[in-house]
Amino acid sequence: MFVTRTFQKDINMKNADFLTGITTSGTPHLGNYVGAIRPAVETSKNKELVSYYFLADYHSLIKNHDPGLRRQSTLEIAAAWIALGLDYKNCIFYRQSDIPEIPELTWILTSLSAKGLMNRAHAYKAAVAQNQADEHKDPDKGITMGLFSYPVLMAADILMFNAAKVPVGRDQVQHLEMTRDIAARFNHVYKKLFILPEVVVDEDSAVLSGLDGRKMSKSYNNYIPLFDTEKRLRKMVMKIKTNSLGPDEPKDPETCTLFSIYNAFATREETRAMEKKYREGIAWGTAKQELFEYINAILEGPRKQYEELIKNPGDIEAILQQGAEKARSFSVPFLDKIRKAIGIASLG
Ligand code: TRP
């Protein structure tokens with residue numbers, strides 16, 4: 001990593017109050033909005049907090065090997081966050097690969113991380129279990145070092161900015177435990193430089209159901225994209241699976257995918273009113289139309305801005321560069337401290 005360390009900006013040595021990453025390996029969908037984007041947009045506006053949001057493009061290298069897809073996903077995710085109101089002036093919004101201090105810290109942490117700890121990572125274990133189920137001779141078949149050391153890169157993302165709180169989905173909790181482990185090890189072996197970050201799992205907003213009723217996710221291919229055309233959005237909503245109860249028959253909101261999506265978007269009173277309509281036997285066609293109209297009203301304005309941004313990728317790039325500059329005003333001096341602590345520093 002031959003990066004000149006002459007970066008001179010007003011040094012913002014404030015640790016991150018909140019930090020989270022978004023892997024650039026897909027198209028942003030409604031589940032991402034309620035689970036991650038909406039709460040982050042709220043936090044991004046808070047003047048009292050220093051919050052960091054970044055596009056985890058190095059993490060996406062592990063998940064796919066398609067350069068075009070990575071670029072497109074980076075563009076779409078950045079555009080979506082900006083269009084949905086992220087206050088990128090108040091927070092720090094950047095691309096992981098624009099911060100060369102992160103891969104450098106990754107190596108420093110790799111040299112401290114126990115291999116046995118990585119052996120226990122859920123994603124790695126699941127890949128091994130799959131190989132065993134498929135009766136491959138080599139249980140590590142197709143597993144890269146990237147997948148294996150994924151938690152160390154994630155630890156570097158977090159520790160680089162000494163983040164206090166990290167909002168993530170439930171599937172990421174183990175990675176935060178590992179981050180704390182690695183940070184404590186550094187503090188013990190070298191110098192107490194790292195805060196042990198806390199995981200924040202939002203129980204209310206975490207999971208949205210997809211078209212088939214399972215969790216809305218790219219891997220199930222059951223998602224509704226945030227920024228398709230209005231016509232396509234309507235078509236997707238009409239595709240949501242319901243049961244065969246006819247119009248006028250009372251319906252159970254508790255077990256209904258449509259209802260759970262409505263609930264994630266609407267206010268409490270609106271949800272209660274919809275619940276009443278279910279009990280009174282609203283027809284599926286009507287319920288779908290109401291859901292479509294509700295979501296569309298929220299997305300109409302951002303959709304226009306999203307389309308504008310996608311047409312002007314240079315504008316997005318400029319925002320990300322400003323973010324990288326702000327982030328590096330922390331990471332450059334902090335990495336210097338880390339280098340000193342481990343005995344990698346100028347001899348003169
Ligand atoms: N691994 C996270 C996910 O798949 C994304 C991510 C990468 C992240 N680095 C991070 C999240 C640092 C929080 C903090 O969702």
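Residues numbered from 1 in each chain as written. Predicted model: local features only at pLDDT ≥ 70, side-chain atom pairs only at ≥ 80, totals over all residues. Heavy atoms only, no water.

## Quick look at the overall build of the protein
The condition is simple: Helical segments are the DSSP runs of H or I of at least four residues, strand segments are the runs of E of at least two, and each set is numbered from the N terminus. Radius of gyration: C-alpha atoms only; globule rule: 2.2 Å multiplied by the number of residues to the exponent 0.38. Exposure is judged per residue with a 1.4 Å probe applied to protein chains only, and the accessible area is read against the type maximum: over 50% gives exposed, under 20% gives buried, and values in between give partly exposed. Residue contacts follow a heavy-atom distance rule, with two residues in contact if any of their heavy atoms lie within 4.5 Å. Accessible surface is estimated by sampling points in the Shrake-Rupley manner with a 1.4 Å probe; for residues, cover comes only from the protein chains shown. By the counting scheme adopted, Arg and Lys are positive, Glu and Asp are negative, and His together with the chain ends is not counted. The atoms used to mark charge sites are NZ of Lys, CZ of Arg, CG of Asp and CD of Glu.
Counting its regular elements, the protein contains 13 helices and five strands. Against the compact-globule benchmark of 20 Å for 348 residues, the protein has a radius of gyration of 22 Å, which places it among compact chains. Based on the C-alpha atoms only, the size of the protein along its principal axes is roughly 80 × 50 × 35 Å. Counting the 348 residues in the protein, one finds 46% classified as buried. Within the protein, contacts between residues at least 6 apart in sequence are counted, and of these 80% link residues at least 24 apart. Summing over all exposed atoms, the protein offers an accessible surface of approximately 17900 Å²; the carbon and sulfur share of this is 52%. Of the charged side chains in the protein, 46 are positive and 43 negative, and the gap between their average positions amounts to 3 Å.

## Observations regarding the pattern of salt bridges
Where we set the bar: By salt bridge we mean one thing: a side-chain nitrogen of Lys or Arg within 4 Å of a carboxyl oxygen of Asp or Glu.
Per the counting criterion, the structure on display carries 12 salt bridges. The partner of lysine 47 in a salt bridge is aspartate 87, and the shortest N-O contact between them spans 3.8 Å. Remark: aspartate 87 occurs in the loop between helix H3 (67-83) and strand E3 (92-95) and lysine 47 occurs in the loop between helix H1 (30-44) and strand E2 (51-56); sequence separation between them is 40 residues. Salt bridges sharing common partners tie together Arg95, Asp98 and Glu317.

## Overview of the packing of aromatic side chains
The criterion, for reference: Only Phe, Tyr and Trp rings take part, Trp by its six-membered ring, and two of them pair if their centres are within 6.5 Å. Stacked means planes under 30 degrees apart, edge-to-face means over 60, and tilted covers everything else.
Summed over the entire model, instances satisfying the criterion amount to 17 aromatic pairs. Geometrically, the ring pair formed by tyrosine 124 and phenylalanine 148 is edge-to-face, given 4.8 Å between the ring centres and 75° between the ring planes. With tyrosine 124 in helix H6 (residues 122-133) and phenylalanine 148 in helix H7 (residues 145-159), this residue pair connects regions lying 24 residues apart in the sequence. An identical accessibility class is assigned to tyrosine 124 and phenylalanine 148; each is buried. Pairing phenylalanine 194 with phenylalanine 334 gives two aromatic rings, centres 5.8 Å apart and planes at 85°, and the pair type is edge-to-face.

## Comments concerning the site of the ligand
Quick note on the threshold: Whether a residue is near a molecule or strand is decided by its heavy atoms; if any one of them lies within 4 Å of it, the residue is near. In protein, a polar contact requires one atom able to donate a hydrogen and another able to accept it; more generally it is a pair of N or O atoms within 3.5 Å, and residues adjacent in sequence count only if both atoms are side-chain atoms.
Residues in close proximity to the ligand total 15 residues, the closest being Gly21, Tyr150, Met154, Asp157 and Gln172. Within the side chain of tyrosine 150, a nitrogen or oxygen atom sits 2.6 Å from a nitrogen atom of the ligand. Between the ligand and aspartate 157, the relevant distance is 2.7 Å, taken from a nitrogen atom to a side-chain nitrogen or oxygen of the residue. Calculation on the ligand without its partners gives an accessible area of 370 Å², and the protein chains cover 90% of this total. Broken down by secondary-structure element, the contributors of at least two residues to the shell around the ligand are strand E1 (18-23), E2, helix H2 (57-63) and H7.

## A look at H6
Stated precisely, the cut-off is as follows: Multiplying 1.5 Å by the helix residue count minus one yields the expected span of that helix. Here the arc refers to the set of directions running from the helix axis out to each C-beta atom.
Across its 12 residues, H6 extends 16 Å between first and last C-alpha, which sits within 8% of the 16 Å expected from 1.5 Å per residue. Buried within H6 we find Tyr124, Val128 and Asn131. For H6, the arc enclosing every buried residue in end-on projection is 55°, short of the 170-degree limit, so these residues lie on one face. As for H6, its buried residues are in contact with helix H5 (115-119) and H7.

## With respect to the side chain of serine 209
Within the secondary structure, serine 209 is located in the loop between strand E5 (198-200) and helix H9 (230-238). Within the structure, serine 209 has its side chain in polar contact with the side chain of serine 260 (distance 3.3 Å). Excluding anything up to four places from it in sequence, serine 209 contacts Arg214, Lys215, Met216, Thr257, Ser260 and Ile261.

## Some remarks on the domain arrangement of the protein
The test is simple: An automatic or database domain assignment supplies the start and end points of every domain. Here the quantity called buried area is the accessible surface, traced with a 1.4 Å probe, that two parts lose on coming together, added over both.
Per the domain assignment, the segments of the protein are domain 1 (5-208 + 312-342) and domain 2 (230-306). The interface is formed by 11 residues belonging to domain 1 together with 10 residues belonging to domain 2. Here domain 1 meets domain 2 over a buried area of about 880 Å², counting both sides, of which 75% is carbon and sulfur. Its largest share of buried area at the contact with domain 2, domain 1 owes to Leu30, Ala83 and Leu208, together 50% of the area lost on that side.

## Brief notes about the environment of aspartate 336
Summarising the element assignment, aspartate 336 is placed in helix H13 (residues 313-342). Overall, the relative accessible area of 27% leaves aspartate 336 in the partly exposed class. Taking C-alpha positions, aspartate 336 is 46 Å from arginine 214, a pair spaced 122 residues apart along the chain.

## A word on the packing of helix H10 (residues 257-265) against helix H11 (residues 268-279)
Basically, it comes down to this: The convention used is that axes are lines fitted to C-alpha atoms, helices contributing only their stretch in contact, and that angles between N-to-C directions extend from 0 to 180 degrees. Angle categories are assigned with fixed cut-offs, so that under 35 degrees is roughly parallel, over 145 is roughly antiparallel, 65 to 115 is roughly perpendicular, and the rest are oblique. Handedness of each helix crossing follows the sense of rotation of the near helix against the far helix: counterclockwise by less than a right angle gives left-handed, clockwise gives right-handed. Any residue that is not Ala, Val, Leu, Ile, Met, Phe, Trp, Tyr, Cys, Pro, Asp, Glu, Lys or Arg is counted as polar, Gly included; the first ten are nonpolar and the last four charged.
It is at 9 Å that the axes of H10 and H11 come closest, and there the two elements cross at 160°. Relative to H11, the element H10 is oriented roughly antiparallel. Viewed along their axes, H10 and H11 form a crossing whose handedness is right-handed. Packed against H10, whose contacting residues are Leu258, Phe259, Tyr262 and Asn263, the element H11 presents Glu270, Thr271, Met274, Glu275 and Tyr278 at the interface. Taken together, the residues of the contact of H10 with H11 sort by class into five nonpolar, two polar and two charged.

## Focus: the packing of H10 against helix H12 (residues 284-311)
What describes two packed helices is the angle between their axes and the distance between those same axes. Running from amino to carboxyl end, H10 crosses H12 at an angle of 25°, the nearest separation of the two axes being 10 Å. The angle between H10 and H12 falls in the class roughly parallel. The crossing of H10 and H12 is left-handed. Touching Leu258, Ile261, Tyr262 and Phe265 of H10 are Trp284, Ala287, Lys288, Leu291, Tyr294, Ile295 and Ile298, all from H12. Class assignment of the residues belonging to the contact of H10 with H12 gives a composition of 10 nonpolar, no polar and one charged.

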